[in-house]
Amino acid sequence: YGKVLNHWGDFESSLLATALGFGIGLGSLASGIVSEGKVELGLVPLGALGITIAALIGAHPHLSLYAAMANFAVLGFFGGVYYVPLNSYIQRSSPDAERGAYIGTTNMLSFIAMALGSLLHYVLLSWLSFSPAHVFAVLGALTIGVTIYACRTMPEFLLRAINWIFAHSIYRLQTKQASNLPTTGGALLVCNHVSYADACLLLAASERPIRFLMYKPIYEHRFIKPFARIAQAIPIASEANPKE
């Protein structure tokens, strides 16, 4: 990108790699901080969206050096945000006796994907004569596809992302004794219903999905029902008979 597209020298091009690495480290650190000691899969679609935007900006052929460095840092940052929750989820969810095998298999798949990515770069640059800017455009489009696929197959990812943004934009959360929530098996959460934001705050504080009881007229609201269905909320109404 630096040498071919912008005709920069070794020093300027190395600054892009430095910015990318710095962004990855900062994004990984930020992902761990905002996860608040739990595996927060809601960060995955946010990270993928950030990667998409940064890749599409990289498709601009005439960025200045400082603008390119900033964009590479943003690209790395959202790469860290995307990667850390997935890696943590694999470590947390794998059986204790087989965790090494799970992590080893994951690393093997990752390196196979990296090799295929290198092959894709070679095909785009050498066979199809794409410019580095076009390569960024292709990768941005591919990331959009992966994000859409992940949100369609695991819509709770998208729901957690939206809820995480809402909860942390308005409230400052403090979670105490979260270890009392079991990591597996059933659990019943009996809460003081202070406001309609309670459900959002509980979901933001727990890494496990929660199926909420919800007053049926609220559940049926056209703006709420799509999200309630994704969360598998259970609609109830006091006027309905017990069987219903």
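For the structure, check the block above.
Since we're looking at a predicted model, the values are computed, not measured. (Residues numbered from 1 in each chain as written. Predicted model: local features only at pLDDT ≥ 70, side-chain atom pairs only at ≥ 80, totals over all residues. Heavy atoms only, no water.)

So, the overall build of the chain
- Check the secondary structure of the chain and you find 9 helices and 2 strands.
- Counting from the amino terminus, the chain carries its helices and strands in the arrangement α-α-α-α-α-α-α-β-α-α-β.
- Taken along its principal axes, the extent of the C-alpha atoms in the chain is 75 × 45 × 35 Å.
- Looking at the chain as a whole, 27% of its 244 residues are labelled buried.
- Excluding contacts between residues fewer than 6 apart, the proportion of contacts in the chain whose partners are at least 24 apart in sequence is 68%.
- Looking at the chain, you have 15 positive and 12 negative side-chain charges, and the mean spots of the two groups are 6 Å apart. (Helix = DSSP H or I, 4+ residues; strand = E, 2+ residues; numbered from the N terminus. Buried < 20%, exposed > 50% of the residue type's maximum accessible area, 1.4 Å probe, protein only. Contact = heavy atoms within 4.5 Å. Lys, Arg positive; Asp, Glu negative; His and termini not counted. Charge placed at Lys NZ, Arg CZ, Asp CG, Glu CD.)

Notes on the environment of Ile-170
- Here Ile-170 shows up in helix α6 (residues 155-170).
- For Ile-170, a relative accessible area of 52% gives the class exposed.
- Taking C-alpha positions, Ile-170 is 26 Å from Pro-217, a pair spaced 47 residues apart along the chain.

Topic: the pattern of salt bridges
- This model, assessed by the stated rule, comprises 5 salt bridges.
- In this structure, the salt-bridge partner of Glu-40 is Arg-160, at a minimum N-O distance of 2.9 Å. One end of the pair, Glu-40, is in the loop between α1 (10-34) and α2 (43-58); the other, Arg-160, is in helix α6, with 120 residues separating them in the sequence.
- Linking Lys-225 and Glu-220 is a salt bridge whose minimum nitrogen-to-oxygen distance equals 3.0 Å.
- Take Glu-220: its relative accessible area is 39%, and that puts it in the partly exposed class.
- Each of Lys-38, Glu-40 and Arg-160 takes part in a single network of salt bridges with overlapping partners. (Salt bridge = Lys/Arg side-chain N within 4 Å of Asp/Glu carboxyl O.)

A few points about α6
- For α6, spanning 16 residues, the distance from its first C-alpha to its last is 23 Å, which sits close to the expected 22 Å at 1.5 Å a residue.
- When α6 is considered as a whole, its buried residues turn out to be Phe-157, Leu-159, Arg-160, Ala-161, Asn-163, Trp-164 and Ala-167.
- On the buried face of α6, the contacting elements are α1, α2, α7 (198-205) and α9 (225-230). (Expected span 1.5 Å × (residues − 1).)

Observations regarding the packing of α2 against helix α5 (residues 132-153)
- Running from amino to carboxyl end, α2 crosses α5 at an angle of 160°, the nearest separation of the two axes being 7 Å. When the axes of α2 and α5 are compared, the pair comes out roughly antiparallel. Crossing of α2 against α5: the hand is left-handed. Of α5, the residues touching α2 (which contributes Pro-45, Ala-48, Leu-49, Ile-51, Thr-52, Ala-55, Leu-56 and Gly-58) are Ala-133, Phe-136, Ala-137, Gly-140, Ala-141, Thr-143, Ile-144, Thr-147 and Cys-151.
- A class-by-class count of the residues in the contact of α2 with α5 yields 12 nonpolar, 5 polar and no charged. (Axes fitted to C-alpha atoms, helices over the stretch in contact; angles between N-to-C directions. Parallel < 35°, antiparallel > 145°, perpendicular 65-115°, else oblique. Left-handed = near helix turned anticlockwise from the far one by under 90°. Nonpolar A, V, L, I, M, F, W, Y, C, P; charged D, E, K, R; others polar.)

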